[in-house]
Amino acid sequence: MTPEMLSLSNSPGLFVGIMLVKILVVFGVTMLIVAYATWCERKVIGHMQTRLGPMRTGWHGLLQPIADGIKLFFKEDLVPSESTKVPFLLAPMMILVPALITVAVIPFGPDLSVGGFLIPQQITDLNVGVLYILAFAGLGIYGIVLAGWASNSKYSLLGGVRASAQMISYELAAGVSIIAVFMLAETLSLREIVALQQQDLWGICSFVPNWYIFTQPLAFCLFIVTGLAEINRTPFDMPEAESELVSGFCTEYSSMKYALFFMAEYANMIVIAAIAATLFLGGWSAPLNIGIFTMIPGFVWLLLKIFSMMFFFMWLRATFPRVRYDQLMRMGWKVLLPLALANVVITGLVVVIVQ
Amino acid sequence: MELIFFYLIALVAIGSGFLVIRCQSPVNSALGLVNTFFCLAIFYVMLHAPFMAAIQIMVYAGAIMVLILFVIMLLNLGTEARKRYTHGVVWSAIASLLVLFNVMYFIKRGRVTGAEGDITSFTVESVGHTELIGKALFTEFLLPFEIASILLLVAIVGAVVLAKKEV
């Protein structure tokens, strides 16, 4: 009996059960990474600045995220009396939810065959997976804009306005930079894009996989830069520039709502790292087509890639000063977007010539 | 099951559409509109058009509404003074009801002939929704597509010329 793809029609009970398990596991792992990314960031930046970072809670501060969580949970939840209540309460959720929803289409391994059924190691395989990611990545902005506006404070509003202008500008370049990958893959499904990246490099080099970072290095760099700008990480963290805007859009927030903003920031970081890993670094596939490497399960590779990308983001934060706002805008519109467009045109030309 | 889901989403869509016109604060109206766009995207998914759904969220909810929100925030439009506009309410209500009945009548009158075009749900399933749209846009409707993009370009240039004080 050839195993068929598990779906709602051929085994509803099993399908729903496995779906729930997958959702819970992916959600749990993401939240765990979010919690420990905060610890990791403090440690990494601490050591880069010749400090130790958190040391007191647990071994080398390992319990710090839990202590922080408990602390934030028991803080008083202040709502400014002049704020617009409903958007003020909704904003932290509206920034975290899009970040977490996006994880649903990231594949984390090959199909498993269990009890005569093929179970994809991915919550759902959309045939417009990449567009789905782009669409929801663009929605995170509502949280920031509303948080800034609803707080009814000048710093918050400035942060929100900066964020919206910045995210709209960089979303464009991010989308265009990914188009080059679609043109090579001829599909929008992340599952198929990963499968294509497992082939031999350019059909010649048999043990190096065909990762798109080798064919599209420019698109990869553009995606990383625009991705960082879109999730408001240093050096593009203008919306929350401490030195001028106190804390930007989340100035007026406290307690768990503030924690939600922080969780969203790290969740976004994971998402950008996961997308970059899936689109350019072969997703869950092994870096070399050698027996020992391919025996290691797919999710280990994916997590390794995500962690190294996140380490790179932290490294950037410890290295670069914040860019000025006019520099940011000029770079987005006059450098990144034309480069991304040129990349698309050149990729199109090459694809036509090769075919 | 799908029907129940449809009615549920339709209810939300109409509810948030109602919010758009009834909210006092323009920001809340804008949020209502975003929600309506979301419901439309869900309808596209239910019609087996995931590409349209993704584009709907990306373009309308992700870009256009953000710009509208941006403008509302920049202009700092406060809550509108509670004025009651009553003139013409009755006549517009009657007109809308008439239009509704008209539409219902024509929908009920139409008969399904069973004739099928080139693109059926089967071809959409086998070829792919995105591929079909791409092919149609870049072969059959290439000229209108290009004209639309030129129109957009003209609009952008016009906006820049109008907004810029000196070149």
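Residues numbered from 1 in each chain as written. Chains lettered and ligands numbered in written order. Predicted model: local features only at pLDDT ≥ 70, side-chain atom pairs only at ≥ 80, totals over all residues. Heavy atoms only, no water.

Check the secondary structure of chain A and you find 14 helices and five strands. The C-alpha atoms of chain A give a radius of gyration of 21 Å, which matches the 20 Å a tight globule of 355 residues would have. Along the first, second and third principal axes, the C-alpha set of chain A runs to 65 × 50 × 45 Å. Considering only contacts in chain A between residues 6 or more positions apart, those separated by 24 or more positions represent 76%. (Helix = DSSP H or I, 4+ residues; strand = E, 2+ residues; numbered from the N terminus. Rg over C-alpha atoms; globule rule 2.2 N^0.38 Å. Contact = heavy atoms within 4.5 Å.)

Our next topic: the interface of chain A and chain B. Between chain A and chain B, the residue contacts involve 23 residues of the former and 22 residues of the latter. Taking both partners together, chain A and chain B bury about 1,900 Å²; carbon and sulfur atoms supply 83% of that area. Counting the surface chain A buries against chain B, the share from its top three residues, Leu131(A), Tyr142(A) and Trp149(A), is 29%. One can count zero salt bridges joining chain A with chain B. Where chain A touches chain B, the interface holds one residue pair in polar contact (both at pLDDT 80 or more). Every element with two or more residues in the side of chain A that touches chain B is listed here: α3 (85-101), α4 (129-137), α5 (140-150) and α6 (154-185) of chain A. Broken down by element, the residue count for the side of chain A that touches chain B peaks at six residues, all from α6(A). Across the side of chain A that touches chain B, the residue classes break down as 19 nonpolar, three polar and one charged. (Buried area = accessible area lost by both parts, 1.4 Å probe. Salt bridge = Lys/Arg side-chain N within 4 Å of Asp/Glu carboxyl O. Polar contact = N/O pair within 3.5 Å; in protein donor to acceptor, adjacent residues only side chain to side chain. Nonpolar A, V, L, I, M, F, W, Y, C, P; charged D, E, K, R; others polar.)

Our focus in this paragraph is unusual backbone geometry. With the exception of glycine, most residues fall at negative phi, and the peptide bonds are largely trans. Residues and elements named next belong to chain A. Notably, Thr50 is not glycine yet its phi reads approximately 45 degrees, a positive angle. Mapped onto the secondary structure, Thr50 falls in the loop between α1 (12-48) and α2 (64-73). Under the relative-accessibility criterion, Thr50 is labelled exposed at 76%. (Buried < 20%, exposed > 50% of the residue type's maximum accessible area, 1.4 Å probe, protein only.)

Counting 113 residues, the largest nonpolar core has Leu279(A), Phe280(A), Met309(A), Met310(A) and Phe313(A) as its most contacted members. With 16 residues, the single largest contributor to this core is helix α11 (residues 255-280) of chain A. When near neighbours in sequence (up to four residues on either side) are disregarded, Phe313(A) contacts Ile224(A), Leu228(A), Arg233(A), Met269(A), Ile272(A) and Ala273(A). In terms of nonpolar packing, the next biggest core, distinct from the first, is built from six residues, Ala13(B), Cys39(B), Phe43(B) and Met46(B) among them. (Core = buried A, V, L, I, M, F, W, Y, C linked by side-chain atoms within 4.5 Å.)

Looking now at the packing of aromatic side chains. Per the counting criterion, the structure on display carries 15 aromatic pairs over all chains. With centroids separated by 4.9 Å and ring planes inclined at 55 degrees, the aromatic side chains of Tyr132(A) and Phe136(A) adopt a geometry described as tilted. Note that Tyr132(A) and Phe136(A) are positioned in helix α4 at a spacing of four residues, about one turn of the helix. A single burial state applies to Tyr132(A) and to Phe136(A), both of which are buried. Residues Phe6(B) and Tyr7(B) carry aromatic rings whose centres are separated by 5.5 Å and whose planes lie at 70 degrees to one another, so their mutual orientation is edge-to-face. We classify Phe6(B) as partly exposed; its relative accessible area is 33%. Each member of the aromatic cluster is reached from another via a ring pair, and the members are Tyr132(A), Phe136(A) and Phe38(B). (Phe/Tyr/Trp six-rings, centres within 6.5 Å; stacked < 30°, edge-to-face > 60°.)

Here we come to the packing of helix α9 (residues 217-230) of chain A against helix α14 (residues 325-354) of chain A. Residues and elements named next belong to chain A. With their axes 10 Å apart at the nearest point, α9 and α14 run at an angle of 150 degrees to one another. Classified by the angle between their axes, α9 and α14 sit roughly antiparallel to one another. The handedness of the crossing between α9 and α14 comes out as left-handed. In contact with Leu218, Ala219, Leu222, Val225 and Thr226 of α9, α14 contributes Met331, Leu336, Leu339, Ala340 and Asn343. Along the lines of polarity and charge, the residues of the contact of α9 with α14 split into eight nonpolar, two polar and no charged. (Axes fitted to C-alpha atoms, helices over the stretch in contact; angles between N-to-C directions. Parallel < 35°, antiparallel > 145°, perpendicular 65-115°, else oblique. Left-handed = near helix turned anticlockwise from the far one by under 90°.)

This part covers the pattern of salt bridges. Residues and elements named next belong to chain A. Under the definition given, this model contains four salt bridges over all chains. Between Glu41 and Arg317 there is a salt bridge, with the nearest N and O atoms lying 3.2 Å from each other. With a gap of 276 residues between them, Glu41 in helix α1 and Arg317 in helix α13 (residues 298-319) connect regions that are remote in the sequence. Relative accessible area serves as the criterion here: at 35%, Arg317 is assigned to the partly exposed category. A salt bridge links Arg42 to Asp68; the nearest nitrogen and oxygen atoms lie 3.0 Å apart. You can see Arg42 sitting in helix α1 and its partner Asp68 sitting in helix α2, a full 26 residues away along the chain. Each of Arg324, Asp326 and Arg330 takes part in a single network of salt bridges with overlapping partners.

Time to look at the domain arrangement of chain B. Residue and element names in this part refer to chain B. For chain B, the domain assignment lists domain 1 (1-78) and domain 2 (121-167). One C-alpha centre belongs to domain 1, the other to domain 2, and the line joining them spans 22 Å. With five residues of domain 1 at the interface, the matching set in domain 2 holds five residues. Interface of domain 1 and domain 2: buried area, both sides summed, is about 360 Å²; carbon and sulfur atoms make up 75% of it. Its largest share of buried area at the contact with domain 2, domain 1 owes to His48, Phe51 and Met52, together 84% of the area lost on that side. (Domains from an automatic or database assignment.)

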